[in-house]
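Spelled out from the first residue to the last, the chains are:
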Amino acid sequence: MRAQPTLTRQEVDEKRGFWNIVGFDDAEFVLRETSLFTSERGTMLDLLGTDDPAGGKQLAVTDPPRHTEMQTRLKKALAIRAVERQKDMIRSLILELIAPLGDGGTFDFAEAMLAMPMSVTGTMMGLPKADWPWLSRLTTVCIAADDPDYQDPGGKEATLESAHRELFAYFQDLVRFRRNDLGDDLLSVLISTEFEGRHMDSGEIVANCYSLLLGANVTTPHSPNYVMAEFIGSGVLEDWAAHPDVNVTAVEEALRWASPVNHFLRYATRDVEVRNTLIREGDAAVVWLGAANRDESAFPDATVFDIRRKPNKHLAFGIGPHYCVGHSVARVTLRILFEELLSRFERFEPAGKPERLASNFVSGYKRVPLTARPRAGAGVRRPE
């Protein structure tokens, strides 16, 4: 599809269809030009043809200039300097998650990784630790309601409705309780944020709490899952472990390769031409991030996993105004993860077949069984 001179179109039914955006330059154009392609009607294919009720309230589905003002304080709280101060906390949480690898038995790496973003983001948001497993499952349900391991007996729609209802009720209660007990956590930042001359209302705060958790749960776990599912036995892990100086570029390559967010949906605000194709006002356009991140015109030898790739301007976090607000948290978390994983363990071996997560929004794994051995002198022990 990238090689075609025009865009291809997918018809879903008599009333719905969308244009496929698969080239790097086209993807960058659609995501950057928010005046031509709006996110306010929804950003996920599951909502194709219906308007997202969070439009204009939640960062992910709000366009500039409102998006810019709403995002300012949260962006500052999640900036790299702020996140660097959390490194010890992040390292401690990661060590707790990967410690069972040292026991010698089968370890489901994906299960640990799916829990990782909730541990980090839950701490940064000041959410009770006892709630983390439940919240982690609910946010996964929201992006993988087609997966039989996450779907309720009532089917996909009932599963999504139940998960959304539980999450939003949880945050409504928490916001009500925390308004008079503010701290320096992210939830307090959202509660105290002022824009357009006022504080966010409860609906806006809750929508953005949901967005923060969903964003963390979508991006962070799936690039390490991809690495461990696809590159054990290839020499990649041994090379990476032997050259810790490549950790930064290797993490970026893992993000490019995995492209955990499968797609972003946008709607044209007026007639616009992309790749010799007229996209009419109101038409849906879907940016396929995994395809754009394998475009040979942007990434030489794009199908090669190169832990030393530089430059590597991938789109795993998006681009433009909607560039992932939590990208610094994700990057620091992944760098610490691989630093600890590869310095403490070796001889990684598969212990069963990896299983993919059934989702059209997330590209990832739900099970990656493996074994490993502690490195001699690494001092692996379970955190107190």
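Computed from a prediction, not measured in an experiment: that's the story for all the values here.

Q: Is there a simple way to think about the confidence of the model for the chain in this case?
A: Where the model shows low pLDDT, its predicted coordinates should not be examined in detail. Per-residue pLDDT for the chain has a mean of 94; in total, 98% of the residues score no lower than 70. A low-confidence stretch, residues 380-384 (pLDDT under 50), is modelled with eleven contacts involving residues beyond four sequence positions or located in other chains.

Q: Which parts of the structure should I look at to understand empty space enclosed by the protein?
A: Empty space among the atoms becomes visible once a probe the size of a water molecule is rolled across them. On inspection of all chains with the given rule, the structure shows three cavities of 30 Å³ or more. If you add up the space inside the largest cavity, you get close to 60 Å³. For the largest cavity, the full set of lining residues is M44, D46, C142, I143, A144, A145, D146, K156, S359, N360 and F361. Split into classes, the residues belonging to the lining of the largest cavity amount to six nonpolar, two polar and three charged.

Q: Can you help me understand the sheet that holds strand β1 (residues 8-11) in this one?
A: Pairing between the strands of a sheet comes from backbone hydrogen bonds, and it takes one of two forms, parallel or antiparallel. The sheet built from five strands is open, its strands ordered β1-β2-β10-β7-β3 with mixed pairing. The open sheet has two free edges, formed respectively by β1 and β3 (37-38), since each of these has just one partner strand. Bridge analysis of β3 against strand β7 (residues 263-268) gives two bridges, and the strand direction is antiparallel. Note on β7: the bridge partner recorded for T38 is Y267.

Q: What should I look at first to understand helix α2 (residues 66-77) in this one?
A: Quick reminder: α-helices carry 3.6 residues per turn. Residues three or four places apart thus point the same way. Inspection of α2 places H67, M70, Q71 and L74 among the buried residues, and these make up the whole buried set. Angularly, the buried residues of α2 cover 85° about the axis, an arc narrow enough to put them on a single face. Along its buried surface, α2 packs onto α8 (186-192), β5 (194-195) and α9 (202-219).

Q: I keep staring at the layout of surface pockets and nothing clicks. Help me out?
A: A volume near 350 Å³ is recorded for the second largest pocket. Taken together, 16 residues make up the lining of the second largest pocket; nearest its centre are E111, L114, A115, S136 and Y150. Elements represented by at least two residues in the lining of the second largest pocket include exactly α5 (109-125), α6 (132-143) and β13 (365-367).

Q: What should I look at first to understand the state of the cysteines in this one?
A: Here a disulfide denotes a covalent bond joining the sulfur atom of one cysteine to the sulfur atom of another. Throughout the structure, instances matching the rule amount to zero disulfides. The closest cysteine sulfur to the non-disulfide-bonded C142 is located on C209, 14 Å from its own sulfur.

Q: It is not clear to me how α5 should be interpreted in this structure. Could you clarify?
A: Taking 1.5 Å per residue as the helical rise, α5 with its 17 residues ought to reach 24 Å, and the 25 Å between its terminal C-alpha atoms agrees with that figure. The buried fraction of α5 amounts to 14 of the 17 residues, a majority that puts the element mostly inside the structure. At the N-terminal end of α5, a side-chain oxygen is found 3.1 Å from the backbone nitrogen of A110, two or three residues along, and the residue is D108. G126 lies just past α5 and shows a positive phi near 75°.

Q: Is there a simple way to think about the nonpolar core in this case?
A: The tendency in soluble globular proteins is for nonpolar side chains to be buried side by side. By size, the foremost hydrophobic cluster in this structure holds 115 residues, and its most contacted members are F171, M228, W240 and F348. By residue number, the principal contributor to this core is α5, which donates ten residues. Excluding residues that lie within four positions of it along the chain, W240 makes contacts with V227, V246, N247, A250, V251, I307, F338 and L342. Listed in part, the seven residues of the second largest apolar core include F18, L48, Y267 and V286.

Q: Just checking my understanding: could you explain the pattern of salt bridges for this structure?
A: In a structure, side chains of opposite charge can pair up when their charged atoms sit close to one another. In the structure shown here, the tally under the stated rule is 30 salt bridges. Here R176 ties to D173 by a salt bridge, and the two come within 2.9 Å at their closest N and O atoms. Residue R176 and its partner D173 are both found in helix α7 (residues 156-178); the two are separated by three residues, about one turn of the helix. Judged by relative accessible area, R176 falls into the exposed class, the value being 54%.

Q: Just checking my understanding: could you explain unusual backbone geometry for this structure?
A: Most of the time, phi is negative for any residue but glycine, and the peptide bond is trans. Residues P64 and P65 are joined by a peptide bond in cis, for which omega reads 5°. Following the sequence through the fold, P65 ends up in the loop between β3 and α2. Of note, the bond from K310 into P311 is cis; its omega dihedral lies within 30 degrees of zero at 0°. Locating P311 in the fold gives a position in the loop between α13 (289-292) and α14 (327-344).

Q: Even after reading the chapter, I still don't get the pairing of strand β10 (residues 284-288), so can you show me in this structure?
A: One face of the sheet, then the other: side chains in a regular strand alternate in exactly this way. The buried count for β10 comes to four of five residues, which makes it a mostly enclosed element. With four bridges joining them, strand β2 (residues 17-21) and β10 adopt parallel strand pairing. Looking at β10, one finds that F18 is bridged to A284. One ladder, built from five bridges, connects β7 with β10; its direction is antiparallel.

Q: Is there a simple way to explain the sheet that holds strand β14 (residues 369-374) in this structure?
A: One open sheet holds the three strands; their spatial order is β4-β14-β11, and the pairing between them is antiparallel. The open sheet terminates on both sides in strands that have one partner only, identified here as β4 (107-108) and β11 (345-350). As defined by bridge partners, β4 adjoins β14 across two bridges and the pair is classed as antiparallel. For D108, the partnering residue across the bridge sits in β14 and is P369.

Q: Explain the packing of α5 against α14 here, please?
A: For any two helices packed against each other, the geometry comes down to the angle between their axes and how far apart the axes lie. Across the interface, α5 lies against α14 with an axial gap of 12 Å and an inter-helix angle of 130°. The angle between α5 and α14 places the two elements in the oblique class. Relative to α14, the crossing made by α5 is right-handed. Here F109, M113, M116, V120 and M124 of α5 come into contact with α14, specifically with V329, T333, L334, L337 and L341. Considered class by class, the residues forming the contact of α5 with α14 number nine nonpolar, one polar and no charged.

Rules of the game
- Residues numbered from 1 in each chain as written.
- Predicted model: local features only at pLDDT ≥ 70, side-chain atom pairs only at ≥ 80, totals over all residues.
- Heavy atoms only, no water.
- pLDDT = per-residue confidence, 0-100.
- Contact = heavy atoms within 4.5 Å.
- 1 Å grid on protein atoms, 1.4 Å probe; cavity = no way out; pocket = protein on both sides within 12 Å on 5 of 7 lines; lining within 4 Å.
- Points joined across faces, edges and corners; volume = space filled by probe spheres on them.
- Nonpolar A, V, L, I, M, F, W, Y, C, P; charged D, E, K, R; others polar.
- Pairing = 2+ DSSP bridges.
- Helix = DSSP H or I, 4+ residues; strand = E, 2+ residues; numbered from the N terminus.
- Buried < 20%, exposed > 50% of the residue type's maximum accessible area, 1.4 Å probe, protein only.
- Arc of directions from axis to C-beta.
- Disulfide = S-S within 2.5 Å.
- Expected span 1.5 Å × (residues − 1).
- Polar contact = N/O pair within 3.5 Å; in protein donor to acceptor, adjacent residues only side chain to side chain.
- Core = buried A, V, L, I, M, F, W, Y, C linked by side-chain atoms within 4.5 Å.
- Salt bridge = Lys/Arg side-chain N within 4 Å of Asp/Glu carboxyl O.
- Axes fitted to C-alpha atoms, helices over the stretch in contact; angles between N-to-C directions.
- Parallel < 35°, antiparallel > 145°, perpendicular 65-115°, else oblique.
- Left-handed = near helix turned anticlockwise from the far one by under 90°.

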